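Fold and geometry: a report
This is what each chain is made of:
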Amino acid sequence: MTIHDERPGDETLISEIQYAAFKGHPMHAPGAEPTEHLIVERLRMASALSLSLLAEINGQGVGHIAISPVALSESGRGWYILGPVGILPEHQLKGIGSALVGAALQGMREKGAKGVVLVGDPGYYSRFGFNSFPGLKHHGVPDKYVLALPFAEEPPQGAIIAHEAFGPAARE
């Protein structure tokens, strides 16, 4: 498996991976279409993708991860949000997602980020060092699923203010 930065011409493949990864996912209402591919497309159009990595096996794209900037209402800028992470269904549970997360976190450390936040399963993301923090919030999400990995000693505080690509327009 190789992981590389998104290249010109990868856009359609990345959208296909994200769509397939979330089609029929239990977090979506039954019959609802996934929107994660639209989030990535809107972030790209707004030049708001800080990191976009594609995983390939034998030259075939099998996974993708995106990271974009966020503001925290009390901790300010310098923070980023991880997601979406999509792996083609036939390649899930093979370590590709873990490899993408590890590569993305390393990339953000190298860029000098204060840290990374996400909304996700604490059972999965704790292996990378993510934890919930008192005072870290994301509108409409139970606190236990709002996670952060600070790269410095400053703990994250406040509401996560993500790019509008994550908002209602992404679900249209």
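Structure shown above.
Residues numbered from 1 in each chain as written. Predicted model: local features only at pLDDT ≥ 70, side-chain atom pairs only at ≥ 80, totals over all residues. Heavy atoms only, no water.

Comments concerning helix 1 (residues 11-22)
Basically, it comes down to this: Starting at the N terminus, helices and strands are each numbered in turn, a helix being any DSSP run of H or I of at least four residues and a strand any DSSP run of E of at least two. In this analysis, the expected span of each helix is defined as 1.5 Å times one less than the number of residues it contains. Three exposure classes are used, based on accessible area relative to the maximum for each residue type with a 1.4 Å probe and protein chains only: buried under 20%, partly exposed in between, and exposed over 50%. The arc in question is traced by the directions running from the helix axis to the C-beta atoms. Residue contacts are defined here by distance: any two heavy atoms, one from each residue, within 4.5 Å place the two residues in contact.
Taking 1.5 Å of rise per residue, 12 residues should cover 16 Å, and helix 1 covers 17 Å from first to last C-alpha, within 8% of that figure. What helix 1 keeps buried is the set Ile14, Ser15, Ile17, Gln18, Ala21 and Phe22. All buried residues of helix 1 lie within an arc of 160° about the axis, which places them on one face of the element. On its buried side, helix 1 packs onto helix 2 (36-45), strand 2 (51-57), strand 3 (60-72) and strand 4 (76-87). Positioned one or two residues after helix 1, glycine 24 has a phi angle of 75°, which is positive.

Here's the deal with the environment of glutamate 153
Within the element layout of this structure, glutamate 153 appears in the loop between strand 7 (146-150) and strand 8 (158-161). With 39 residues separating them in the primary sequence, glutamate 153 and lysine 114 have C-alpha atoms 9.1 Å apart.

Details of the nonpolar core
Selection rule: What we call a nonpolar core is a set of buried Ala, Val, Leu, Ile, Met, Phe, Trp, Tyr and Cys residues that are connected through their side-chain atoms within 4.5 Å.
By size, the foremost hydrophobic cluster in this structure holds 30 residues, and its most contacted members are Ile65, Leu82, Leu105, Tyr125 and Phe130. For this core, the elements supplying multiple residues, two or more each, are helix 1, strand 2, strand 3, strand 4, helix 3 (96-110), strand 5 (115-119) and strand 7. Element by element, the count of residues in this core is highest for helix 3, at 6 residues. With near-sequence residues (within four places) excluded, leucine 82 lies in contact with Ile65, Ala66, Ile67, Val101, Leu105, Val116, Val117, Leu118, Tyr125 and Phe130.

Some details on the layout of surface pockets
A probe as big as a water molecule, rolled over the atoms, marks out the empty space that is left. Basically, it comes down to this: Cavity means a closed set of points on a 1 Å grid over the protein atoms alone, one where a 1.4 Å probe fits but cannot get out, pocket means an open set with protein on both sides within 12 Å along at least 5 of 7 lines, and lining means a residue has an atom within 4 Å of a point. Grid points are joined across faces, edges and corners, and a volume is the space filled by probe spheres set on the points.
In this model, the largest pocket occupies a volume close to 1400 Å³. Along the walls of the largest pocket sit 42 residues, with Phe22, Met27, Glu36, Pro84 and Val119 positioned nearest its centre. The set of elements that each furnish at least two residues to the lining of the largest pocket consists of helix 1, helix 2, strand 4, helix 3, strand 5 and helix 4 (122-125). Ranked by residue count, the leading element in the lining of the largest pocket is strand 4, at 7 residues.

Describing the environment of serine 47
Considering the arrangement of structural elements, one finds serine 47 in the loop between helix 2 and strand 2. On the accessibility criterion, serine 47 (69% relative accessible area) is exposed. For the pair serine 47 and serine 68, spaced 21 residues apart in sequence, the C-alpha to C-alpha distance is 9.4 Å.

Some words on the side chain of histidine 37
Along the polypeptide, histidine 37 turns up in helix 2. The exposure class of histidine 37 is buried, given its relative accessible area of 13%. Once residues within four sequence positions are removed from consideration, histidine 37 is found in contact with Ser15, Gln18 and Tyr19.

Brief notes about the packing of aromatic side chains
Rule in force here: Under the pairing criterion, centres of Phe, Tyr and Trp rings, with the six-membered ring standing for Trp, must be within 6.5 Å; the plane angle then separates stacked pairs below 30 degrees from edge-to-face pairs above 60, leaving the rest tilted.
Counted by the stated rule, this structure contains 4 aromatic pairs. Relative to tyrosine 125, the ring of tyrosine 124 lies with its centre 4.8 Å away and its plane at 85°, an arrangement referred to as edge-to-face. The exposure class of tyrosine 125 is buried, given its relative accessible area of 13%. Ring centres of tyrosine 125 and phenylalanine 130 lie 5.9 Å apart, and the angle between their planes is 80°; this geometry places the pair in the edge-to-face category. Across this residue pair, the class does not change: tyrosine 125 and phenylalanine 130 are buried. Following the ring pairs from residue to residue traces out a cluster consisting of Tyr124, Tyr125, Phe128 and Phe130.

Structural notes on the pattern of salt bridges
Counted only if it meets this: We define a salt bridge as a contact between a side-chain nitrogen of Lys or Arg and a carboxyl oxygen of Asp or Glu at a distance within 4 Å.
In total, this model carries 3 salt bridges according to the counting rule given. For the salt bridge of glutamate 33 with lysine 23, the shortest nitrogen-to-oxygen distance reads 2.6 Å. Within this pair, whereas glutamate 33 is found in the loop between helix 1 and helix 2, its partner lysine 23 is found in the loop between helix 1 and helix 2, the two being separated by 10 residues in sequence. Taking relative accessible area as the criterion, lysine 23 reaches 42% and is therefore assigned partly exposed.

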